[in-house]
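As a plain string of letters, each chain reads:
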Amino acid sequence: MRKNIVAGNWKMNTTLDEGVELANDINTLLLANKPNCDVIVCVPFTHLTSVHGVIDKEVLGLGAENCSEHEKGAYTGEVSAAMVKSTGAQYVILGHSERRQYFGENNEQLLAKTKLALANGLMPIFCVGEVLEERENGSYNDVVSSQIEALFSLSPEDFGKIIVAYEPVWAIGTGKTATAEQAQDMHAHIRKVIEEKYGKEIADNTSILYGGSCKPSNAKELFAKPDVDGGLIGGAALQADSFMGIIEAFN
Ligand code: 13P
């Protein structure tokens, strides 16, 4: 059966020292209070190796926030999936709305990134979600379907390794959260789209995380929904206490 997961996305926050301290604090708290879910921190590239050095793999997973769609070569400033893997990371966030919006990442690039992540043994946390206009004009289910369908050339075996994160763009960093009902409806929709392509077993085994102003005060209600298997957390993942408060929603 699918796993419950709480993953932090630190985005472009923390210096190296601050990041190592934060990871260390989270790790210590998790060792003292064994979580009832998998916990992952996704950190800036510059922090991966150092954070890997201070966390215990048994309680805390490690991921990057992106990787290149190219395998290697003359792509100045890019970081490949193989490089991410070589730091000890196990996960990589792909298709975050900030990457789609500010860096113009499209479905074709995201498929290439996903394939390289999988080929290098990384588990993608693949983000989907509609913008406010699409929520308001009612096209949100279709928008999210097409973002998921961008991966439908993957083999069932490969698709089965993907974690999906539904992050309504209008809820990211805005303090506005989707209601638990809106989240549940979309997660059930995503699971149905996966089931139609890959069958019930893979759909039932896919963890679908909610992201968008998730905090200790609303995590329990969101995670109580049958198709919400945890969260991808931005702002509230930057303090060990609030991140732990969200993890404890599974207790
Ligand atoms: P916030 O939790 O800050 O809204 O960010 C969500 C997010 O984008 C996680 O990837």
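The following paragraphs examine the structure supplied in this document. What you are looking at is a predicted structure, and each value in this text was computed from that prediction instead of being measured. (Residues numbered from 1 in each chain as written. Predicted model: local features only at pLDDT ≥ 70, side-chain atom pairs only at ≥ 80, totals over all residues. Heavy atoms only, no water.)

## As for the overall build of the protein
So, step 1. Secondary structure summary: the protein contains 12 helices and eight strands in total.
So, step 2. Relative to the 2.2 N^0.38 estimate, which gives 18 Å for 251 residues, the radius of gyration of the protein is 17 Å and therefore close to what a compact globule would have.
So, step 3. Overall, the protein is about 45 × 45 × 35 Å in size when its C-alpha atoms are taken along their principal axes.
So, step 4. Relative to its full complement of 251 residues, the protein shows a buried share of 54%.
So, step 5. Partitioning the contacts of the protein with sequence separation of at least 6, the portion at a separation of at least 24 is 72%. (Helix = DSSP H or I, 4+ residues; strand = E, 2+ residues; numbered from the N terminus. Rg over C-alpha atoms; globule rule 2.2 N^0.38 Å. Buried < 20%, exposed > 50% of the residue type's maximum accessible area, 1.4 Å probe, protein only. Contact = heavy atoms within 4.5 Å.)

## Side note on the site of the ligand
So, step 1. The ligand sits among 13 residues. The nearest are K11, H96, E167, G173 and S213.
So, step 2. Within the side chain of E167, an N or O atom sits 2.8 Å from an oxygen atom of the ligand.
So, step 3. A distance of 2.7 Å separates an oxygen atom of the ligand from a polar backbone atom of S213.
So, step 4. Burial of the ligand by the protein chains amounts to 94% of its free accessible area of 310 Å².
So, step 5. Of the residues contributing to the shell around the ligand, the split by class is four nonpolar, seven polar and two charged. (Near = heavy atom within 4 Å. Polar contact = N/O pair within 3.5 Å; in protein donor to acceptor, adjacent residues only side chain to side chain. Areas by Shrake-Rupley, 256 points an atom, 1.4 Å probe, with all protein chains shown as cover. Nonpolar A, V, L, I, M, F, W, Y, C, P; charged D, E, K, R; others polar.)

## Comments concerning the pattern of salt bridges
Where charged atoms from two side chains of opposite charge come close, those side chains can pair.
So, step 1. In this structure the tally under the stated criterion is 13 salt bridges.
So, step 2. A salt bridge links K113 to E105; the nearest nitrogen and oxygen atoms lie 2.8 Å apart. Residue K113 shares its accessibility class with E105, and that shared class is buried.
So, step 3. Close ionic contact of R191 with D229 constitutes a salt bridge, the shortest N to O distance being 2.9 Å. Placement of the pair is R191 in helix α9 (residues 180-198) and D229 in the loop between α11 (216-223) and β8 (230-233), with a sequence separation of 38 residues.
So, step 4. Since its relative accessible area comes to 6%, R191 is described here as buried. (Salt bridge = Lys/Arg side-chain N within 4 Å of Asp/Glu carboxyl O.)

## Some remarks on the nonpolar core
So, step 1. Formed by 70 residues in total, the largest nonpolar core has its most connected members in I190 and F223.
So, step 2. Broken down by element, the residue count for this core peaks at seven residues, all from α9.
So, step 3. Of all hydrophobic cores here, the second largest spans 12 residues; its members include C42, I125, A165 and L209. (Core = buried A, V, L, I, M, F, W, Y, C linked by side-chain atoms within 4.5 Å.)

## A word on the packing of aromatic side chains
So, step 1. Tallied over the entire structure, the rule returns five aromatic pairs.
So, step 2. When the ring of F152 is compared with that of F159, the centres are 6.0 Å apart and the planes differ by 75°; the resulting orientation is edge-to-face.
So, step 3. Ring geometry for F223 against F250: centres 4.8 Å apart, planes inclined by 15°, an arrangement best described as stacked. Residue F223 is found in helix α11, and its partner F250 is found in the segment after α12 (240-247); the two are separated by 27 residues along the sequence. Across this residue pair, the class does not change: F223 and F250 are buried.
So, step 4. Within the aromatic cluster, the residues linked to one another by ring pairs are F152, F159 and Y198.
So, step 5. Above the ring of F103, the side-chain terminus of R99 is found at 4.0 Å from the ring centroid.
So, step 6. Sitting above the plane of the Y140 ring, R135 keeps its charged end 3.6 Å from the centroid. (Phe/Tyr/Trp six-rings, centres within 6.5 Å; stacked < 30°, edge-to-face > 60°. Lys NZ or Arg CZ within 6 Å of the ring centre and 35° of its normal.)

## A few points about the pairing of strand β2 (residues 38-42)
So, step 1. Burial analysis of β2 places four of its five residues in the buried class, which makes it a mostly covered element.
So, step 2. Pairing analysis gives five bridges linking strand β1 (residues 5-9) to β2, with the strands arranged parallel. Across the sheet, residue N9 finds its bridge partner in β2, namely C42.
So, step 3. In this view, the connection linking β1 to its parallel neighbour β2 by way of helix α1 (residues 16-32) has right-handed handedness.
So, step 4. Where β2 and strand β3 (residues 61-64) come together, three bridges link them in parallel fashion. Its bridge partner lying in β3, I40 is registered against G61.
So, step 5. Regarding the hand of the β-α-β motif, the stretch spanning β2, helix α2 (residues 48-54) and β3 is right-handed. (Pairing = 2+ DSSP bridges. Right-handed = clockwise from strand over helix to strand, strands pointing away.)

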